[in-house]
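Here is what each chain is made of, one letter per residue.
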Amino acid sequence: MTDRETLAGCLLITGTPGAGKTTVSRLVAERLPRAAQVDGDVFGIMLVSGRANMLDDDGRWAPGPEGRRQLRLRMVNLCSVADNFAEAGFTPVADSVVETRAELSFIARRLRARPLMLVVLCPPLEVARHRNATRAVETRVDYDFAPLARNQQRELGDLGWWLDSGEQTPEETADVIVAEAARRAVVPEDALRAQGAIQR
């Protein structure tokens, strides 16, 4: 890919906290001629009042019914904004935690931009933990995300491009995504259909 080429469709970058989703997605967008970063966390921050607590009394990730509803609302807004950018000729580079096939299917069903490219940043867990522990307090998470990492592998391990960025700088990771995502990250339409994601 040259610096004058772009990525068609929507690029979705996921992974655990500390994997580098937000940093890398912005760097990827900066490397494309017409692109926008769509940060899934922003749609949660927009909830000024009434935001659900996603943790249980022991500090574990456990959103209840209202928390799950709000997480789904984030996905709805992420897809709508991504499509708006795509229809205006900008590549949406979205970053959000996607844990299950059901969540990916929901996104694919809502999202019109195609192809859907999925990049799962998967540095070793100890690297992600270190990155999380050393970043700004307001962006740090306090729960153990090892169960999330295991569930992502179990649910999404055969989909998209799993990229171990543990020994890469964010810039190096962004460079390789721009160069190879169109070849390595596209989720086949038949895989989406198999999950009930596409309604004909």
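Look above for the structure.
Residues numbered from 1 in each chain as written. Predicted model: local features only at pLDDT ≥ 70, side-chain atom pairs only at ≥ 80, totals over all residues. Heavy atoms only, no water.

### With respect to the pairing of strand 4 (residues 116–121)
In step 1: Where burial is concerned, most of strand 4 is hidden: six out of the six residues are buried.
In step 2: Of the two faces of strand 4, the one lined by Leu116, Leu118 and Val120 and the one lined by Met117, Val119 and Leu121 are each fully buried.
In step 3: The sheet contact formed by strand 1 (residues 10–15) and strand 4 spans six bridges and is parallel. The residue bridging Leu12 from the neighbouring strand is Leu118, located in strand 4.
In step 4: One ladder, built from three bridges, connects strand 4 with strand 5 (residues 161–163); its direction is parallel. If you follow Val120 over to strand 5, its bridge partner there is Trp162. (Buried < 20%, exposed > 50% of the residue type's maximum accessible area, 1.4 Å probe, protein only. Helix = DSSP H or I, 4+ residues; strand = E, 2+ residues; numbered from the N terminus. Pairing = 2+ DSSP bridges.)

### Focus: the sheet that holds strand 4
In step 1: Here we have five strands laid out as an open sheet, ordered 2-3-1-4-5, and parallel in their pairing. For this open sheet the edge positions go to strand 2 (35–39) and strand 5, each flanked by a neighbour on one side alone. In this sheet, neighbouring strand axes are inclined to one another by 20° on average, regardless of whether the strands run parallel or antiparallel. (Axes fitted to C-alpha atoms, helices over the stretch in contact; angles between N-to-C directions.)

### Observations concerning the environment of Phe43
In step 1: Its location among the elements puts Phe43 in helix 2 (residues 40–45).
In step 2: For Phe43, a relative accessible area of 12% translates into the label buried.
In step 3: When the C-alpha atoms of Phe43 and Leu78 are compared, they prove to be 7.5 Å apart, with 35 residues separating the residues in sequence.

### Topic: the packing of aromatic side chains
In step 1: The final tally for this structure, using the stated rule, is two aromatic pairs.
In step 2: Centroid distance Trp61 to Tyr143: 5.2 Å. Interplanar angle 35°. Geometry classified as tilted. Of this pair, Trp61 sits in the loop between helix 2 and helix 3 (65–87) while Tyr143 sits in the loop between helix 5 (125–133) and helix 6 (146–156), placing them 82 residues apart in sequence.
In step 3: A relative accessible area of 14% places Tyr143 in the buried class. (Phe/Tyr/Trp six-rings, centres within 6.5 Å; stacked < 30°, edge-to-face > 60°.)

### A word on helix 3
In step 1: The terminal C-alpha atoms of helix 3 lie 33 Å apart, and with 23 residues this matches the ideal 33 Å at 1.5 Å per residue to within 8%.
In step 2: All of the buried residues in helix 3 are Gly67, Gln70, Leu71, Met75, Val76, Leu78, Cys79, Ala82 and Asp83.
In step 3: If you follow the buried residues of helix 3, they end up packed against strand 1, strand 2, helix 2, strand 3 (91–95) and helix 4 (101–110).
In step 4: Just downstream of helix 3 lies Gly89, where phi reads positive at about 90°. (Expected span 1.5 Å × (residues − 1). Contact = heavy atoms within 4.5 Å.)

### Side note on the packing of helix 1 (residues 21–31) against helix 7 (residues 170–184)
In step 1: With their axes 9 Å apart at the nearest point, helix 1 and helix 7 run at an angle of 55° to one another. Here helix 1 lies oblique to helix 7, going by the angle between them. Note that helix 1 runs across helix 7; the crossing there is right-handed. Contacts between helix 1 and helix 7 involve Thr23, Val24, Leu27, Val28 and Arg31 from the first element and Pro170, Glu171, Thr173, Ala174, Asp175, Ile177 and Val178 from the second.
In step 2: Residue composition of the contact of helix 1 with helix 7, by class: seven nonpolar, two polar and three charged. (Parallel < 35°, antiparallel > 145°, perpendicular 65-115°, else oblique. Left-handed = near helix turned anticlockwise from the far one by under 90°. Nonpolar A, V, L, I, M, F, W, Y, C, P; charged D, E, K, R; others polar.)

### Some thoughts on the pairing of strand 1
In step 1: Judged by how many residues are buried, strand 1 sits mostly within the fold: six of six residues are covered.
In step 2: Neither face of strand 1 is exposed, since Cys10, Leu12 and Thr14 on one face and Leu11, Ile13 and Gly15 on the opposite face are all buried.
In step 3: Taken together, the three bridges between strand 1 and strand 3 define a ladder with parallel strand orientation. Residue pairing across strands places Leu12 opposite Ala94, the latter belonging to strand 3.

### Brief notes about the nonpolar core
In step 1: One finds Leu12, Leu104, Leu111, Leu118 and Leu159 to be the most contacted residues of the largest nonpolar core, which totals 25 residues.
In step 2: Ranked by residues supplied to this core, first place goes to helix 3 with five residues.
In step 3: Apart from residues no more than four positions distant in its own chain, Leu159 is found in contact with Arg101, Leu104, Leu118, Val187 and Ala191. (Core = buried A, V, L, I, M, F, W, Y, C linked by side-chain atoms within 4.5 Å.)

From the geometry alone we can't say anything about function, so treat these as descriptive.
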